[in-house]
Amino acid sequence: MAALGGSGRSVPVLQAGLVPSLSQHLPTAGLRSLRLLVLHSNLLASVPAGLARLPLLTRLDLRDNQLRDLPPELLDAPFVRLQGNPLGEASPDVPSSPGGLGPSGSNLWLAPSSLSFPVTPRGCSVTLACGVRLQFPAGATATPITIRYRLLLPEPGLVPLGPHDALLSHVLELQPHGVAFQQDVGLWLLFTPPRARRCREVVVRTRNDNSWGDLETHLEEEAPQRLWAHCQAPHFSWFLVVSRPVSNACLVPPEGTLLCSSGHPGIKVIFPPGATEEPRRVSMQVVRMAGRELQALLGEPEAAVSPLLCLSQSGPPSFLRPVTVQLPLPSGITGLSLDRSRLHLLYWAPPAVTWDDITAQVVLELTHLYARFQVTHFSWSVPPSFLSPPSPVCTAPLTPSPPRYWLWYTTKNCVGGLARKAWERLRLHRVNLIALQRRRDPEQVLLQCLPRNKVDATLRRLLERYRGPEPSDTVEMFEGEEFFAAFERGIDVDADRPDCVEGRICFVFYSHLKNVKEVSFYRGTVPVQVPEEAEAARQRKGADVLWMATLPIKLPRLRSSEEPRRRAGLSLAPLNLGDAETGFLTQSNLLSVAGRLGPDWPTVALHLGVSYRELQRIRHEFRDDLDGQIRHMLFSWAERQAGQPGAVGLLVQALEQSDRQDVAEEVRAVLELGCRKYQDGIRRTGLAPKDPALPGSSAPQPPEPAQA
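Okay, so let's go over this structure. (Residues numbered from 1 in each chain as written. Predicted model: local features only at pLDDT ≥ 70, side-chain atom pairs only at ≥ 80, totals over all residues. Heavy atoms only, no water.)

Turning our attention to the packing of helix α7 (residues 587–597) against helix α10 (residues 626–641). Orientation of α7 relative to α10, taken along the N-to-C sense of each, is 140 degrees, at an axis distance of 9 Å. By the angle between their directions, the pair α7 and α10 is classed as oblique. Seen along the crossing, α7 lies across α10 with a hand that is right-handed. Contacts from Gln587, Leu590, Leu591, Val593, Ala594 and Leu597 of α7 reach α10 at Ile630, Arg631, Met633, Leu634, Phe635 and Ala638. Tallied by class, residues from the contact of α7 with α10 come to 10 nonpolar, one polar and one charged. (Axes fitted to C-alpha atoms, helices over the stretch in contact; angles between N-to-C directions. Helix = DSSP H or I, 4+ residues; strand = E, 2+ residues; numbered from the N terminus. Parallel < 35°, antiparallel > 145°, perpendicular 65-115°, else oblique. Left-handed = near helix turned anticlockwise from the far one by under 90°. Contact = heavy atoms within 4.5 Å. Nonpolar A, V, L, I, M, F, W, Y, C, P; charged D, E, K, R; others polar.)

Okay, here's the thing in structure tokens:
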């Protein structure tokens, strides 16, 4: 099994990863066989002119980047798509911020090769090559400092995502970490617009010491698909843009207050006077679930749920006086007509596994549209490392997992397990997995993970150039969940000795399934040690199975100069390998040598000059016949050596180098016997010169001297 890694977020055809300059990351010397290059929406600021000289390139997609200038060779090329680029436009100034620039401030535009820049107390505006903008107001630093930056790919250990969050950008790292500025620094980050915007908001998330928090963020739109997330950064660390459910927060004083949801005005939390002695910060998020999804999950047409309420707080875990929580009744249910036995108030808080039905533990007060109940705590105390102190900048510290309240209306009695499944459904994305092969070059296999609603449109676009099986069944994956693809079933890959074909590294796949392979998709990261076939088959079974789907692909037929010979079968015409001086080896002699080699034949073959790829092919074609492997190797080599001088000596040398001195001695004996028979035959025919030492022969007499 050979494994390739991936992520559930997206699998692009070619991920440039928000690389500002393609010139540093894409050498064109090894791309002469490239036919299609898709680099749209990658914030590219420059591309190399050498792309225009690729002989087979028929399409170069550079749409929706930041290309303001382009090499003339590409600008006039008919196969280049440039829509959505600000070609010919001057670099815009950084948008103004409340701090502004001092009279001595400067504007800096960094080249793609520049990964650092200086900042002085006079302040400056900086535009990075990746499109990020920073504004340092005058007096932000007391002394000159050097700022360094990096764009990082999102990793699970680095990106902190909540249960209902979605990542919209790469991770920007600004160094040195932890430097506190005397005035906040303006930061503008480009991000991908989220698919769902109802009751959701876009925020910039950053790390401060050991905690992550969301900064107060404002959105600015430069074009329909070019959105900026603007925030004020009090320090430098890691920054990323995420989409989350709308969060509302307030500081609860001892006098009490009211916290309402901006996305769902009917959801409220009422803090009476005296509920707390010290001000504490409370935040809420609301997540809505479609009724048809719940009805399909329960198999109950009349089932309904309210929006899911998430509450978190800082400070002591309990309140001094009961706090009133108001939730809307499930959709389609009114307080005048509902059956109270079917109404359930569910509660979940970490580290519990299931939801608890607390209907009997609270007093539900029902109105026509709402249900109210009182609680004295939201959850257990949260470790201080996860919470930031109240700040006008950090609007919502990121807690590990806040407690949740949920109203259900159903005929089911035990709804805790069903609520867990429904909550997971809210976090899941329904995707399909595809495996397609390039029509012109079946060795190229395209693997993608696509949202279910985009499968048909994507296949219509790809099937002009690709072909393959139908997409997999619908698979449910969490946001950010990792997966990997594995080529399985009878595959034999040698990763230590790859071949180089037309400038590309080539691995030859041999199938036991009549030129058909299987590509399987598994949850999790790529294993360190690739399991054997039997272990891979066991991974598809069991309760905690990681297998998601398996799709078949067809292996292309090997293209080799020996293909006509293989189709016609191995030729066993009579061979006379050698010459009269060194001796001959006939077909019978070669069969005798083949019968003595045994499992040492691959070493002999390599010393004879047989390529490693040819060796693997012979092993595959005669995988159940050791004698057939040896005969095929030896006779194929002998046919190529027919008429070549020194072939027999090469065979003897290869046998000696392979520590098969016994077979080499037998070959020498055969050659000596053949030489003697050859000489005897010549003497019998009278063609050999007579030896004076033999009886009956006389030495030639010297000529008599001539007479004068």
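What follows concerns the pairing of strand β24 (residues 318–328). With three bridges joining them, strand β20 (residues 268–271) and β24 adopt antiparallel strand pairing. Bridging from a neighbouring strand, Val269 pairs with Val325 of β24. Here β24 pairs with strand β28 (residues 370–377) via seven bridges, running antiparallel. Within β28, the residue paired with Gln326 across the bridge is Arg372. (Pairing = 2+ DSSP bridges.)

Moving on, we get to helix α9 (residues 612–621). A large share of α9 lies buried, amounting to seven of its 10 residues. Of the positions making up α9, those classed as buried are Tyr612, Glu614, Leu615, Gln616, Arg617, Ile618 and His620. Two or three places before Glu614, at the start of α9, stands the capping residue Ser611, its side-chain oxygen 3.1 Å from that residue's backbone nitrogen. (Buried < 20%, exposed > 50% of the residue type's maximum accessible area, 1.4 Å probe, protein only. Polar contact = N/O pair within 3.5 Å; in protein donor to acceptor, adjacent residues only side chain to side chain.)

With that settled, consider the environment of Asp662. In this structure, Asp662 sits in helix α12 (residues 661–684). Expressed as a C-alpha distance, the spacing of Asp662 and Arg596, which sit 66 residues apart in the sequence, is 9.2 Å. At 3.2 Å, the side chain of Asp662 forms a polar contact with the side chain of Arg596.

These figures capture arrangement, not role.
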